[in-house]
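A closer look at the structure
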Amino acid sequence: MPLLLERKTQPQYDVIVVGSGAGGGQTAYVLAQAGVKVLVLETGRNYEPTKETPMFQTPGQAPLRAARTPDKHFGFHDATVDGGWTVPGEPYTVRQSNDPSGKFRIASDWLVAEAKQEWMWWRPRMLGGRTNHWGRIALRMGKHDFKPRSRDGLGIDWPFDYEALAPYYDKVESLIGVWGSNQTPELENTPNSSPGVLLPPPKPRGYELLVQKHAKTLGIPVVPSHMAIKSGHPNYAQVAERLHPGDPKAQEIFVADARQRAPCFWSTPCGRGCSIRANYQSTTVHLPPALATGNLDIITDAHVREVSVDDRGRATGVHYVDKKTRKDMHVKARVVVLAASGCESARILLNSRTPRFPNGVANSSGKVGRYLMDTVGADVIGQIPALEGLPAWNDEGAGTALHLYAPWWQYGEQLAGKLGFARGYHIEISGGRQMPAHGVTRWMTDLNGGAYGKKLKDDARRYFGSTIHLAGRGEMIPNDDSFCEIDPDVKDDWGVPVLRFKFRFSDHETRQAAHMHRTFREIIEAMGGRVISKLATDGTKAINPGGSVIHEVGTTCIGSDPRNSVLNPWCQAWDVPNLFVTDGGPFVSNADKNPTLSIMALAWRSADHMLAEMKRGNL
Amino acid sequence: MNPPEPVRISRRDALQWVVAAGAALGAAPGVGFAAETGARTAKPYGTDPVLNKTYRPGDLWPLTFAAAQRRTAVALCDLILPADEKSPSASAVGVPDFVDEWISAPYPIQRADRTVVLEGLAWLDGESQRRFSRDFAALDAAQQSAIADDICHKPRAKAGLEKAADFFALFRNLTTTGFYTTPVGMKDIGFVGNLPQVKFAGPPKAVLEKLGLA
């Protein structure tokens, strides 16, 4: 990917975007396509998915059969560079659940199953950020999700409703390529896309069909997933017109690049990234056409530490540490956009202290760092005798991506107060005949009494593919006890003060996690199977650690009142009009809809506002 | 969706055994020495390794097994996964090399496993000598099974052999991991995939019928 390798920037840009993931990539794409001169700063290294992705590599080709290690927390082939739950040279501090002193310590946990930290924070250090490895689940938030407080009295309403974001969901889905299906009638709080936007979903896998059949008897709908994976060629001219109406040059750039993206060839795990560019990564979808406009420069290894502001309180640019030279650099622009990720953008704001902004830039409300949320996660594994001893067939599908999922189905009962927790979850289904990996037969030991020898081989043949993994992913309600702030004592290797975290789930989340375990057991038993993982009736034992689902949002909240929000409805800082945040930070609710698609829709809407304000001469 | 975390139920048990074994088996200096050197000189592969290339055991860090340890490991691998009419034995596809790579790696889990495996192999030869006056690799199949049957499942392990059962469980997991992640093992277990296709066809009719979905 052609970058600004000589590290010489222009003296002045229209817009600086800090971060190159979902939010930064989307912002840069919209602005560069509109003719705005953009500089993207990325703290990680350059990363080229077309050259670096280990497509078709087997675990047998990797060290330790690709097992997780302290160097590669999601396994050897995962598309994460220099990061994970810890990043070399860039600590954060947390409290330990087993330490009554409540002292903050430098985070070191790397195995979620054994984590003792109150909060876990996943960061990569590479161009494109987490979009390179993410799960590609692309769900729209629905009308309830934007108005949770109005609906049930809890949490915070967004300053606009679903209709304000709907056109941008259509645009993002069209740009990145999302497969899925519209449901008739539309499922509650699970919006359909406009006609012609979604790409066709693939056929379900065997275990998915079986879950669908039996979940139905429990009243749980199992429908095609929505995944940011190109399942076929769209009508490019139509898509281009939807994305860039009346702008032939932008349309041409989009089409030329989109045609280079091959459709999915139904193999190899998406978490490794995709060298044929079938799935969405910022590095394969946003940045290449943005660079093709000639309006985008990118500097990697640029560790932004603060936003600079002038005497009038306007942003003038950003200071960054050039990791290659360790020099402090300053670049200037008319507009600064932070898209460094939820928490990291808050860190930059909190570290930008001036006499005018003693608590950090854009923090007159005191809300920067507040309302940190993750997704509620709980998982159950079941073994299904009906899936034993089947003839071998190719059931791999789109790598590890879901073909089916179950959206939340109990809105009515929940609103009536019958469930004991206020918000819902969806179910992600995996399992079946995936490529054997570390520990492939370990679970069989309890089933076959510790067999070895010929019997173990026969059992492996019989039981392979007969497990399913049900993962609940649910909404967390923001609370006052979950936030990040600057640690007064710890700096990273670049001299930048780091974040420390406080985090807790409320009963709404832990009861939801207990409900997940109960429901998943019911599904597994309805299938004639048995649970082979630990079941918990106590939600505090069922729930995964905070941060472990890697959906951290909040910390630079959006709102309609400058007294209690950081950003206005356009993701624009109330205090500093030429400063925006377009990552997960603006979220004031974290619906059970994985946030990446909404981050992009929000970023596009914000970028459109920037363009309009620039045209009006307000920026 | 994040990949499911591997279930590591026996980790704490294994670590406890490391402590216990260290105290109990102080009279095995050769093993203790080997347990220290390899792992100390090994370097981690770091947080940004090249992903799209093939690594072989020994490429990244020196291996550990001395000839006698390797002989015992080969015999145990092949007791756990012997050749049959459908596929070769574990050692025929390099599984002992993988086990050696694993226990030679400079990471905490592998370092704990290293002690478990090296002490376990020593225990296995000691037990073979005690019962049959020969090392494990020299025993016939019935004799090997006589020992394995006592330790192959912890809930049924004989009193006093719980730690040996932990060793066996770990070794079995390493052996099956090593075997079923090779092309031969993947074929044997019935994995079809890792191949590009124009369309995803879904399960064939015969499978749908068996699942009651046709």
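What counts, and where the lines are drawn
Residues numbered from 1 in each chain as written. Chains lettered and ligands numbered in written order. Predicted model: local features only at pLDDT ≥ 70, side-chain atom pairs only at ≥ 80, totals over all residues. Heavy atoms only, no water. Helix = DSSP H or I, 4+ residues; strand = E, 2+ residues; numbered from the N terminus. Rg over C-alpha atoms; globule rule 2.2 N^0.38 Å. Buried < 20%, exposed > 50% of the residue type's maximum accessible area, 1.4 Å probe, protein only. Contact = heavy atoms within 4.5 Å. Pairing = 2+ DSSP bridges. Salt bridge = Lys/Arg side-chain N within 4 Å of Asp/Glu carboxyl O. Axes fitted to C-alpha atoms, helices over the stretch in contact; angles between N-to-C directions. Parallel < 35°, antiparallel > 145°, perpendicular 65-115°, else oblique. Left-handed = near helix turned anticlockwise from the far one by under 90°. Domains from an automatic or database assignment. Buried area = accessible area lost by both parts, 1.4 Å probe. Phe/Tyr/Trp six-rings, centres within 6.5 Å; stacked < 30°, edge-to-face > 60°. Lys NZ or Arg CZ within 6 Å of the ring centre and 35° of its normal.

Below, the discussion takes up the overall build of chain A. Tallying secondary structure elements over chain A gives 16 helices and 17 strands in all. Compactness check: chain A gives a C-alpha radius of gyration of 24 Å against a globular reference of 25 Å for 619 residues, within 12% of the reference. With respect to the principal axes defined by its C-alpha atoms, chain A has extents near 75 × 60 × 50 Å. When the 619 residues of chain A are sorted by exposure, 69% land in the buried category. Taking all contacts inside chain A whose residues are at least 6 apart in sequence as the whole, residues at least 24 apart take part in 73%.

With that out of the way, let us pick up the overall build of chain B. Of regular secondary structure, chain B possesses 9 helices and 0 strands. Listed by position from the N terminus, the elements making up chain B come as α-α-α-α-α-α-α-α-α. A buried classification covers 50% of the 214 residues belonging to chain B. Restricting to contacts in chain B with at least 6 residues of sequence separation, those with at least 24 account for 62%.

As a further point, take the pairing of strand E10 (residues 376-383) of chain A. Residue and element names in this part refer to chain A. In terms of residue burial, E10 counts as a mostly covered element, since 7 of its 8 residues are buried. In terms of strand pairing, E10 meets strand E16 (residues 530-531) through 2 bridges, oriented antiparallel. When the bridges of E16 are listed, Gln383 appears paired with Arg530.

With that settled, the discussion passes to the pattern of salt bridges. Summed over all chains, the structure comprises 47 salt bridges over all chains. Between Arg461 of chain A and Asp188 of chain B there is a salt bridge whose closest N-O contact spans 2.6 Å. Residue Arg461 of chain A is located in helix H13 (residues 454-463), and its partner Asp188 of chain B is located in helix H8 (residues 183-189); the two belong to separate chains. For the pair formed by Arg461 of chain A and Asp188 of chain B, the shared burial category is buried. Two residues, Asp150 of chain B and Lys158 of chain B, come together in a salt bridge whose shortest N-O distance is 3.9 Å. Owing to a relative accessible area of 12%, Asp150 of chain B belongs among the buried residues under this scheme. Within the structure, one salt-bridge network assembled from shared partners comprises Lys454, Lys457, Asp458 and Arg461 of chain A together with Asp84, Glu85 and Asp188 of chain B.

Residues and elements named next belong to chain A. The geometry of helix H1 (residues 22-33) relative to helix H9 (residues 282-292) is characterised by a closest axis approach of 8 Å and an angle of 25° between their N-to-C directions. Classified by the angle between their axes, H1 and H9 sit roughly parallel to one another. Crossing geometry of H1 relative to H9 is assigned as left-handed. Note on element contacts: H9 touches H1 through Ser282, His286, Leu287, Pro289 and Ala290, opposite Ala22, Gly25, Gln26, Ala28, Tyr29 and Ala32.

With that out of the way, let us pick up the domain arrangement of chain A. Residue and element names in this part refer to chain A. We note that the domain assignment places domain 1 (13-134 + 280-374 + 480-500 + 552-615) and domain 2 (376-474 + 506-542) within chain A. Just the C-alpha atoms count here: the centres of domain 1 and domain 2 sit 33 Å apart. Facing the 10 residues of domain 1 at the interface are 12 residues of domain 2. In this assembly, domain 1 packs against domain 2 so that about 650 Å² is buried in total across both faces, 50% of it on carbon and sulfur atoms. The largest per-residue losses of area from domain 1 upon contact with domain 2 belong to Pro59, Asp592 and Asn594, which jointly make up 58% of the total buried on that side. Summed over the shared surface of domain 1 and domain 2, the result is 0 salt bridges.

Moving on to the sheet that holds strand E5 (residues 223-224) of chain A. Residue and element names in this part refer to chain A. A sheet is described by the order of its strands in space; here 6 strands give the open sequence E5-E11-E12-E13-E10-E16, paired in antiparallel fashion. Strands at the two margins of the open sheet, each flanked by one partner only, are E5 and E16. Direction of pairing for strand E12 (residues 425-431) relative to strand E13 (residues 467-474): antiparallel, over a ladder of 7 bridges. Of the residues in E13, the one forming a bridge with Ile427 is Gly472. Running at roughly 140° to E12, helix H6 (residues 206-217) makes contact with strand E11 (404-406), E12 and E13 of the sheet. This element, helix H14 (residues 507-526), spans E10, E12, E13 and E16 of the sheet and lies at about 20° to E10.

Okay, the packing of aromatic side chains next. Residue and element names in this part refer to chain A. Under the defined criterion, the tally for this structure stands at 35 aromatic pairs over all chains. Three or more aromatic residues joined by ring pairs form one cluster here, namely Tyr92, Trp119, Trp121, Phe501, Phe503 and Phe505. For the cation-ring pair, Arg370 lies above Phe483, with the distance from its terminal atom to the ring centre recorded as 3.8 Å. Just above the ring of Phe160 sits the side chain of Arg605; from NZ or CZ to the centre is 4.1 Å.

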